[in-house]
Amino acid sequence: MKKYICAVCGHVYDPAIGDPDHGIEPGTAFEDLPDAWVCPLCGVGKDQFSEEA
């Protein structure tokens, strides 16, 4: 699965890890994150993330 990086703070969403602090289980693809999910570091929405090269 692909990793995605936040354009604002540089946080990398790694689907292998998920976001357990916010109820996102490991193995959750970025595309499957809830629309309301935000960056755990800076709080911006999914639209501020891009696929990591």
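As a reminder, the structure under discussion sits directly above these lines.
Just so it is clear, the model here is predicted, and its values are computed rather than measured.

## Observations regarding the overall build of the protein
Across its full length, the protein holds 0 helices and 3 strands. Listed N to C, the secondary structure of the protein is β-β-β in terms of helices and strands. For a compact globule of 53 residues, the expected C-alpha radius of gyration is about 10 Å, and the protein comes in at 10 Å, within 12% of that figure. Structurally, the protein occupies a C-alpha span of about 25 × 20 × 15 Å along its principal axes. Buried residues in the protein amount to 32% of all 53 residues. Per element, the accessible surface of the protein, about 3,300 Å² overall, is 51% carbon and sulfur.

## Quick look at the sheet that holds strand S1 (residues 4–6)
Sheet strands associate in pairs through backbone hydrogen bonding, adopting either a parallel or an antiparallel arrangement. If you trace the 3 strands from one edge of the open sheet to the other, you get S2-S1-S3, paired in antiparallel fashion. The sheet terminates laterally at strand S2 (12–13) and strand S3 (49–51), the two strands that pair on one side only. Alignment of S1 against S2, held across 2 bridges, turns out to be antiparallel. Across the sheet, the residue bridging to Tyr4 is Tyr13, located in S2.

## Quick notes on the state of the cysteines
In a disulfide, the sulfur atoms of two cysteines are covalently bonded to one another. What the rule picks out here adds up to 0 disulfides. Considering cysteine sulfurs only, Cys39 is the nearest to Cys9, which forms no disulfide, with 3.6 Å between them. Given a relative accessible area of 35%, Cys9 falls into the partly exposed group. Judged by its relative accessible area of 2%, Cys39 is buried.

Rules used in this analysis
Here, residues in each chain are numbered from 1, in the same order as that chain's written sequence. At least 70 in pLDDT is required for a residue's local features to be given in this predicted model, at least 80 for side-chain atom pairs to be given and counted, and no such filter applies to totals for whole chains, interfaces and linings, which use all residues. As a convention, hydrogens and water are excluded, and side-chain values are obtained from all of the structure's heavy atoms. Per the convention used, a helix needs a DSSP run of H or I reaching at least four residues, while a strand needs a run of E reaching at least two, with both numbered from the N terminus. Computation of the radius of gyration draws on C-alpha atoms, with the globule rule given as 2.2 Å multiplied by the number of residues to the power 0.38. Buried, partly exposed and exposed residues are distinguished by accessible area as a fraction of the type maximum, computed with a 1.4 Å probe on protein chains only: under 20%, between the cut-offs, and over 50%, respectively. To be clear on the numbers: accessible area is Shrake-Rupley with a 1.4 Å probe, and residue cover counts the displayed protein chains and nothing else. In this analysis, strands are considered paired if DSSP registers two or more bridges between them. In plain terms, two cysteine sulfur atoms within 2.5 Å form what is called a disulfide here.

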